[in-house]
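If you want the building blocks of each chain, they are given just below.
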Amino acid sequence: MAVVTFLSAKGSPGVTTTALLAAALWPRPAVLVEADPAGGDLAARVPAPDGAPLDADRGLLPLLTSARHGLRASQVLDQAQVVAGGTRVVVGVGGPEQSTAAGPAWSALAGALRELDREPTGPLDVPLDVLVDAGRVGADPVHLDLLRASDLVVALVRSEVAAVLHARERLRVLGGALRRPDGSAPRTGVVVVGDLRRAARRADDCAAVLAGPAVEDLGRLPLDPAGAAVFDGAGTARPERTALVRAGRAVVATLAAAATTAHRLPAGAGAA
């Protein structure tokens, strides 16, 4: 099992929507952890299965608050909630002030997530894959230890020149920052988001600019408001027929396979 982190360098390419899409289509048992230091919005976007709001007192904040005493995988699951559609999520903090105040607690959270993907835990009594919504990542991310603990880091990038240039520079900097003390690093790749019907070639060109020896091309996702609305709690008819979900099946299969391969790499193996 593995830890997969979704992030962006700039703009709003749909990190949370993609993380929800991946969690809904993931081929193995998984939990989605909303770890955006700027603040989460899952609680406002998706309801519980009965349509009620999620419990505002459960989520990442209680975990970070108690992390000074250490965290266990079971505590992460204690803070998870099931949303409409069956996805298990840990909702994020309220804003950047809480993220900054957490400080070293992010490292303890990273350790607990690694434990969660190794040990049979919870009612399923099986190891869980962990999907992390890390939000927009700047030059000195407060949750860097969490990114380093990932097996696979997935950067979402809009198929626009400015977005690609920002992403390329951010990935260059992150390439060194993600390296662990033993010399290993997470496997890293990009998913390009754009209007695939009208500008598929441009999306391919953007991926070609970003991909390299240590950054893989992991696929394309369309700009699809109708499909994205499914992950805002909207009652979309036949969501499996939306362009986002149809394209998402192939992308998520690629990510799940890449994460599993990365999880099996020996210590010391590079990101490439």
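Read on for a plain summary of the structure. (Residues numbered from 1 in each chain as written. Predicted model: local features only at pLDDT ≥ 70, side-chain atom pairs only at ≥ 80, totals over all residues. Heavy atoms only, no water.)

1. Describing the overall build of the protein
Okay, so step 1: The secondary structure content of the protein amounts to 11 helices and eight strands.
Okay, so step 2: Its C-alpha radius of gyration of 17 Å places the protein within 12% of the 19 Å reference for a compact globule of 272 residues.
Okay, so step 3: Counting only C-alpha atoms, the protein reaches 50 × 50 × 35 Å along its principal axes.
Okay, so step 4: Across the protein, every contact between residues at least 6 apart in sequence was considered, and the portion connecting residues at least 24 apart equals 78%.
Okay, so step 5: Of the accessible surface of the protein, which amounts to about 12,000 Å², a share of 54% is contributed by carbon and sulfur atoms. (Helix = DSSP H or I, 4+ residues; strand = E, 2+ residues; numbered from the N terminus. Rg over C-alpha atoms; globule rule 2.2 N^0.38 Å. Contact = heavy atoms within 4.5 Å. Areas by Shrake-Rupley, 256 points an atom, 1.4 Å probe, with all protein chains shown as cover.)

2. Notes on the pattern of salt bridges
Okay, so step 1: Per the stated rule, a full pass over the model turns up 10 salt bridges.
Okay, so step 2: Arg220 serves as the salt-bridge partner of Asp204, at 3.0 Å between the closest nitrogen and oxygen. Placement of the pair is Asp204 in helix α9 (residues 196–210) and Arg220 in strand β8 (residues 216–222), with a sequence separation of 16 residues.
Okay, so step 3: Note that Glu240 and Arg238 form a salt bridge whose closest N and O atoms lie 2.5 Å from each other.
Okay, so step 4: Overlapping salt bridges, with partners in common, bring together Asp204, Asp217 and Arg220 in one network. (Salt bridge = Lys/Arg side-chain N within 4 Å of Asp/Glu carboxyl O.)

3. Focus: the pairing of β8
Okay, so step 1: Where burial is concerned, most of β8 is hidden: five out of the seven residues are buried.
Okay, so step 2: This β-α-β element, strand β7 (residues 187–194) to α9 to β8, shows right-handed connectivity. (Buried < 20%, exposed > 50% of the residue type's maximum accessible area, 1.4 Å probe, protein only. Right-handed = clockwise from strand over helix to strand, strands pointing away.)

4. Digging into the layout of surface pockets
Okay, so step 1: The volume enclosed by the second largest pocket comes to roughly 250 Å³.
Okay, so step 2: Lining the second largest pocket are 18 residues, with Ser12, Val15, Thr16, Asp36 and Gly135 sitting closest to its centre.
Okay, so step 3: Among the elements of the structure, α1 (15–25) and β5 (129–136) are those that each provide at least two residues to the lining of the second largest pocket. (1 Å grid on protein atoms, 1.4 Å probe; cavity = no way out; pocket = protein on both sides within 12 Å on 5 of 7 lines; lining within 4 Å. Points joined across faces, edges and corners; volume = space filled by probe spheres on them.)

5. As for the nonpolar core
When a protein is soluble and globular, its nonpolar side chains tend to lie buried together.
Okay, so step 1: Grouped together as the largest cluster of nonpolar side chains are 36 residues, with contacts concentrated most on Phe6, Trp26, Leu131 and Val154.
Okay, so step 2: Contributions of two or more residues to this core are made by β1 (3–8), α1, β2 (30–34), β6 (152–158), β7, β8 and α11 (243–263).
Okay, so step 3: At eight residues, α11 tops the list of elements feeding residues into this core.
Okay, so step 4: Leaving out residues up to four positions away in the same chain, Val154 has contacts with Val4, Thr5, Phe6, Leu7, Gly189, Val191, Leu218 and Leu255. (Core = buried A, V, L, I, M, F, W, Y, C linked by side-chain atoms within 4.5 Å.)

6. Section: the sheet that holds β8
Okay, so step 1: Pairing is mixed in the open sheet, where eight strands are placed in the order β3-β4-β2-β5-β1-β6-β7-β8. The sheet is open, and its two edges are formed by β3 (81–82) and β8, each paired on a single side.
Okay, so step 2: Here seven bridges tie β6 to β7, and the two strands are oriented parallel to one another. Residue pairing in the sheet places Val154 in a bridge with Gly189 of β7.
Okay, so step 3: In this fold helix α6 (residues 105–116) packs onto β1, β2 and β5, with an angle of close to 150° to the strand it touches most, β5. (Pairing = 2+ DSSP bridges. Axes fitted to C-alpha atoms, helices over the stretch in contact; angles between N-to-C directions.)

7. Some points on the side chain of Asp133
Okay, so step 1: Relative to the elements of secondary structure, Asp133 occurs in strand β5.
Okay, so step 2: Put simply, Asp133 is tucked away with no salt bridge, and the nearest opposite charge, on Arg45, sits 6.7 Å away.
Okay, so step 3: The contact partners of Asp133, leaving out residues within four places of it in the chain, are Phe6, Val15, Thr16, Ala19, Leu32, Val33, Glu34, Ala35 and Asp36. (Lys, Arg positive; Asp, Glu negative; His and termini not counted.)

8. Things to note about helix α8 (residues 161–177)
Okay, so step 1: Over its 17 residues, α8 runs 25 Å from end to end, which matches the ideal 24 Å to within 8%, given 1.5 Å per residue.
Okay, so step 2: Every buried residue of α8 is listed here: Ala163, Val164, Ala167, Arg170, Leu171 and Leu174. Buried residues in α8, looked at end-on, bunch into an arc of 135°, giving them a common side. Turned more than 90 degrees off the buried face of α8, the exposed positions are Val161, Arg172 and Gly176.
Okay, so step 3: In the core, the buried residues of α8 are packed alongside β1, α7 (144–148), β6, β7 and α9. (Expected span 1.5 Å × (residues − 1). Arc of directions from axis to C-beta.)

9. Some thoughts on the side chain of Arg114
Okay, so step 1: When you line up the elements, Arg114 lands in helix α6.
Okay, so step 2: In this structure Arg114 comes out as buried when scored by relative accessible area, which is 12%.
Okay, so step 3: Side-chain polar atoms of Arg114 contact the side chain of Asp151, separated by 3.1 Å. (Polar contact = N/O pair within 3.5 Å; in protein donor to acceptor, adjacent residues only side chain to side chain.)

10. Quick look at the pairing of β2
Looking along a regular strand, one sees side chains alternate from face to face of the sheet.
Okay, so step 1: Judged by how many residues are buried, β2 sits mostly within the fold: five of five residues are covered.
Okay, so step 2: Alternating residues of β2 divide into Ala30, Leu32 and Glu34 and Val31 and Val33, and every residue in both groups is buried.
Okay, so step 3: Looking at chain direction, β2 and strand β4 (residues 88–90) are connected through two bridges and run parallel. Its bridge partner lying in β4, Leu32 is registered against Val89.

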